Amino acid sequence: MEWFNVGRIVNTHGVRGELRILSTTDFEEERFAVGSKLAAFKKDDKKPTWVTIASSRRHKNFILVTFEGMENINLVEPFKEGLLKITMDQLEEDELDENEYYHFEIKDCEVFSEEGELVGVVTDILETGANDVWEVKASGGKKHYIPYIEDIVKEIDVEEKKIIIHVMEGLLE
């Protein structure tokens, strides 16, 4: 089964079973909504414990959640430093707008210039706020940083794992 991280359990919060979550998803409202089912992986555990969100609220840079049936610090303490994940079938296509992709769809794509020249492979995605920046590693090991903007990225085919970009002057230097 393929898993996708949606949050890291940083610590407990108070004595009533709240957990402090550092979100790693763009869909916080859906993932941490009351009634949402998530797989909780305890630290160094390979097998998940399925949990249902009983309460959720934002607190500073964290999301504080409780799990149904675990309203006590002693019951949630073992989840500290663990991960919250979802499965592939929990990803809903309609969450994404046109020209939006999940990171796993973009990573490992081959990037070509409009002339058909291989630039490299997407190895990482950096979230900068205004737009994502793709780290593209060339065959020689050199890294290029490609901004995900309309002027540069011309075509994305996630099924073929192929991206075509417009190479502006200075982009690959």
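Above this text you will find the structure in question.
On a predicted model such as this, the values are computed, not experimentally measured, just so you know.

Conventions we followed
Residues numbered from 1 in each chain as written. Predicted model: local features only at pLDDT ≥ 70, side-chain atom pairs only at ≥ 80, totals over all residues. Heavy atoms only, no water. Pairing = 2+ DSSP bridges. Helix = DSSP H or I, 4+ residues; strand = E, 2+ residues; numbered from the N terminus. Axes fitted to C-alpha atoms, helices over the stretch in contact; angles between N-to-C directions. Contact = heavy atoms within 4.5 Å. Polar contact = N/O pair within 3.5 Å; in protein donor to acceptor, adjacent residues only side chain to side chain.

Spatial strand order, β10-β9-β8-β7-β12-β11: six strands in an open sheet with mixed pairing. Only two strands of the sheet have a single neighbouring strand rather than two, namely β10 (143–147) and β11 (153–157). Neighbouring strand axes in the sheet, compared pairwise and without regard to direction, differ in orientation by 35 degrees on average. The pairing of strand β9 (residues 132–137) with β10 spans five bridges and is antiparallel. Within β10, the residue paired with W134 across the bridge is I146.

The next thing to look at is the environment of Q90. Note that Q90 resides in the loop between β6 (83–87) and α3 (103–106). Here the alpha-carbon distance between Q90 and L38, two residues 52 residues apart in the chain, equals 9.4 Å. Beyond its immediate sequence surroundings of up to four residues, Q90 is in contact with R31, K37 and W50. Looking at Q90, its side chain comes within polar contact range of the main-chain nitrogen of T87, at 2.8 Å.

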